[in-house]
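Structural features, examined
This is what each chain is made of:
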Amino acid sequence: MKNIVILISGSGSNMAAIVKTAQREGWQDKFGARVAGVISNKAAAGGLVFAREHGIATEVLDHKAFASREAFDADLARIIDRFEAPGEPALVVLAGFMRILTPGFVARYAGRLLNIHPSLLPAFPGLHTQQQAINAGCKVAGATVHQVTAELDHGPILAQAAVPVLPGDTAETLAARVLTQEHLIYPRAIAELLYKKA
Ligand code: GAR
């Protein structure tokens, strides 16, 4: 059984899309894969409720309780590894997990650590991506699923989706349009990866 561990910080709508797609497409039978755990660095993350309602084990690890990034990441890795099936490294999926990860953490999960970022990378890494796209006069915006490497919001691109930037768009209206595409490309990119590994 290949276990998928999803890391969130907020509403967890990408996580929910992945869980729903996994159930609808029968990833357990197709790929021997399931979403085994959801971890949040915020106790109030709305996505935790969805995960619990869907029978998925949840953990909260408050980064504010740690003196350093290294200490937080070490505990995070311990929790992730508890979700691993014997002999089967887990797939670690960042879904709105708003933490910068240490190089050691990234190296530990190299090749099985994915992220979604709400821009057409390599444009607009970091925060406030939609406002940056509007300010730059972009006619299209979008989202990128990528392998995580030590450099923030970089790494091999697995999937992208583009949406138009419409006259009168605000960062919020554009983000909502992009998010609907994120919910399609993230589950699809994970399924493709599982298919290759199955
Ligand atoms: C998504 O738009 C995701 O791309 C973004 O946070 C949102 C989380 O929404 N991630 C980043 O900005 C990471 N740099 P969700 O919690 O509803 O999935």
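Structure: see above.
What counts and what doesn't
Residues numbered from 1 in each chain as written. Predicted model: local features only at pLDDT ≥ 70, side-chain atom pairs only at ≥ 80, totals over all residues. Heavy atoms only, no water. Helix = DSSP H or I, 4+ residues; strand = E, 2+ residues; numbered from the N terminus. Polar contact = N/O pair within 3.5 Å; in protein donor to acceptor, adjacent residues only side chain to side chain. Contact = heavy atoms within 4.5 Å. Near = heavy atom within 4 Å. 1 Å grid on protein atoms, 1.4 Å probe; cavity = no way out; pocket = protein on both sides within 12 Å on 5 of 7 lines; lining within 4 Å. Sits in = over half its atoms within 2 Å of the grid points. Nonpolar A, V, L, I, M, F, W, Y, C, P; charged D, E, K, R; others polar.

What follows is about the side chain of serine 119. Secondary-structure assignment places serine 119 in the loop between β5 (113-117) and α6 (129-135). A distance of 3.2 Å separates a polar atom in the side chain of serine 119 from the backbone oxygen of phenylalanine 124. Apart from residues lying up to four places away in sequence, serine 119 is in contact with Phe124, Thr129, Gly142, Ala143 and Thr144.

All residues adjacent to the ligand are Ser11, Gly12, Ser13, Asn14, Gly96, Met98, Ile116, His117, Pro118, Leu179 and Glu182. A molecule is said to occupy a pocket when more than half its atoms come within 2 Å of that pocket's grid points, and by this definition the ligand occupies the largest pocket. Only α1 (13-25), β5 and α7 (171-197) provide two or more residues apiece to the shell around the ligand. Among the residues forming the shell around the ligand, the class breakdown is 4 nonpolar, 6 polar and 1 charged.

These results come straight from atomic positions and should not be treated as a statement about function.
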